[in-house]
Amino acid sequence: MAEPDFIVPPPGLIPAAPEQPARPERTDPDRTVRAVPARVLPTFAPPTGPVAPRAPLPPLPPGPPSAAVPAAPPVRVDAPTPTPQPGAWRLRTADGLEVLLLRPVVLGRDPVADAGRPGAATIRLVDPARSVSKTHALVEVVDERVTVTDLHSTNGSRVLTPAGDEVELDPGLAFGVVGGSTILLGEFAVTLDRAPLNSV
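In this report, the structure presented in the accompanying data block is examined. (Residues numbered from 1 in each chain as written. Predicted model: local features only at pLDDT ≥ 70, side-chain atom pairs only at ≥ 80, totals over all residues. Heavy atoms only, no water.)

### Thoughts on the nonpolar core
Right, so step 1: Counting 23 residues, the largest nonpolar core has Leu-91, Leu-101, Val-105, Leu-107, Leu-125, Val-139 and Leu-185 as its most contacted members.
Right, so step 2: Elements represented by at least two residues in this core include exactly strand S2 (89-93), strand S3 (97-100), strand S4 (105-108), strand S5 (121-124), strand S6 (137-142), strand S7 (145-150), strand S11 (182-185) and strand S12 (188-194).
Right, so step 3: Here this core gets three residues from one element, more than from any other, and that element is S12.
Right, so step 4: Those residues in contact with Leu-101 that lie beyond four places of it in its chain are Trp-89, Arg-90, Leu-91, Val-139, Val-141, Val-146 and Leu-192. (Core = buried A, V, L, I, M, F, W, Y, C linked by side-chain atoms within 4.5 Å. Buried < 20%, exposed > 50% of the residue type's maximum accessible area, 1.4 Å probe, protein only. Helix = DSSP H or I, 4+ residues; strand = E, 2+ residues; numbered from the N terminus. Contact = heavy atoms within 4.5 Å.)

Below, the structure is given as structure tokens:
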């Protein structure tokens, strides 16, 4: 032993390392993945000064008043004639429809003009219950007398007189109606009266 703390093995005890064969040169592209240095992103520093207050939003416009909206004026449908007369007969419905009987009218949900009266006006009635037929009744003034003719409707027609009598109309036959009467087309009510003198 040459040194007290180091043991030297005798010669031939440890075989020599084999020679490494020469490595051929690489012809393929280098595929080594190399770590790239990480990008340093800019940092955001919050403002240090006082923040200006936001401007208040403009107030909302006032909503509609809570009171009941007044009813719309009644819709008036004139049955035109070359010589209108004051105080004409008129028909009125609960939903505001007003029809002046200045010529014959055909009433219904989707009425078709009467072939026997080509000059008649067709008046469409809005009946949610659908008790009115598409072409239900003909109303006309003959010699200052109002007559109603049921045009073979599904639910029929009736007349309630001012005295409280109820008359069932025969289909196809004209029936005289007096002022103040209510004509029931199925369950749809139409009132007959005289229009004011200044309404025509």
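### Some points on the sheet that holds S4
By definition, the strands of a sheet pair up through backbone hydrogen bonds, in either a parallel or an antiparallel sense.
Right, so step 1: Taking strand neighbours across the sheet as the criterion, the five strands line up as S5-S4-S6-S7-S10 in an open arrangement whose pairing is mixed. Looking at the sheet topology across the chains shown, the edges are occupied by S5 and strand S10 (174-177). When the angles between neighbouring strand axes are averaged without regard to direction, this sheet yields 25°.
Right, so step 2: As defined by bridge partners, S7 adjoins S10 across four bridges and the pair is classed as antiparallel. Of the residues in S10, the one forming a bridge with Val-146 is Val-177. (Pairing = 2+ DSSP bridges. Axes fitted to C-alpha atoms, helices over the stretch in contact; angles between N-to-C directions.)

### Comments concerning the pattern of salt bridges
Right, so step 1: Within the structure shown, the criterion is met by seven salt bridges.
Right, so step 2: Residues Asp-110 and Arg-124 are paired through a salt bridge, measuring 2.9 Å at the closest nitrogen-oxygen approach. Taken together, the positions of Asp-110 in the loop between S4 and S5 and Arg-124 in strand S5 put the pair 14 residues apart, joining distant regions of the chain.
Right, so step 3: Exposure remark for Asp-110: the relative accessible area of 39% places this residue in the partly exposed category.
Right, so step 4: Relative accessible area serves as the criterion here: at 56%, Arg-124 is assigned to the exposed category.
Right, so step 5: Across the salt bridge formed by Glu-166 and Arg-158, the nearest N and O atoms sit 2.8 Å from each other.
Right, so step 6: Given a relative accessible area of 47%, Glu-166 falls into the partly exposed group.
Right, so step 7: Salt bridges sharing partners connect three or more residues here, namely Arg-90, Arg-92, Glu-98 and Asp-193. (Salt bridge = Lys/Arg side-chain N within 4 Å of Asp/Glu carboxyl O.)

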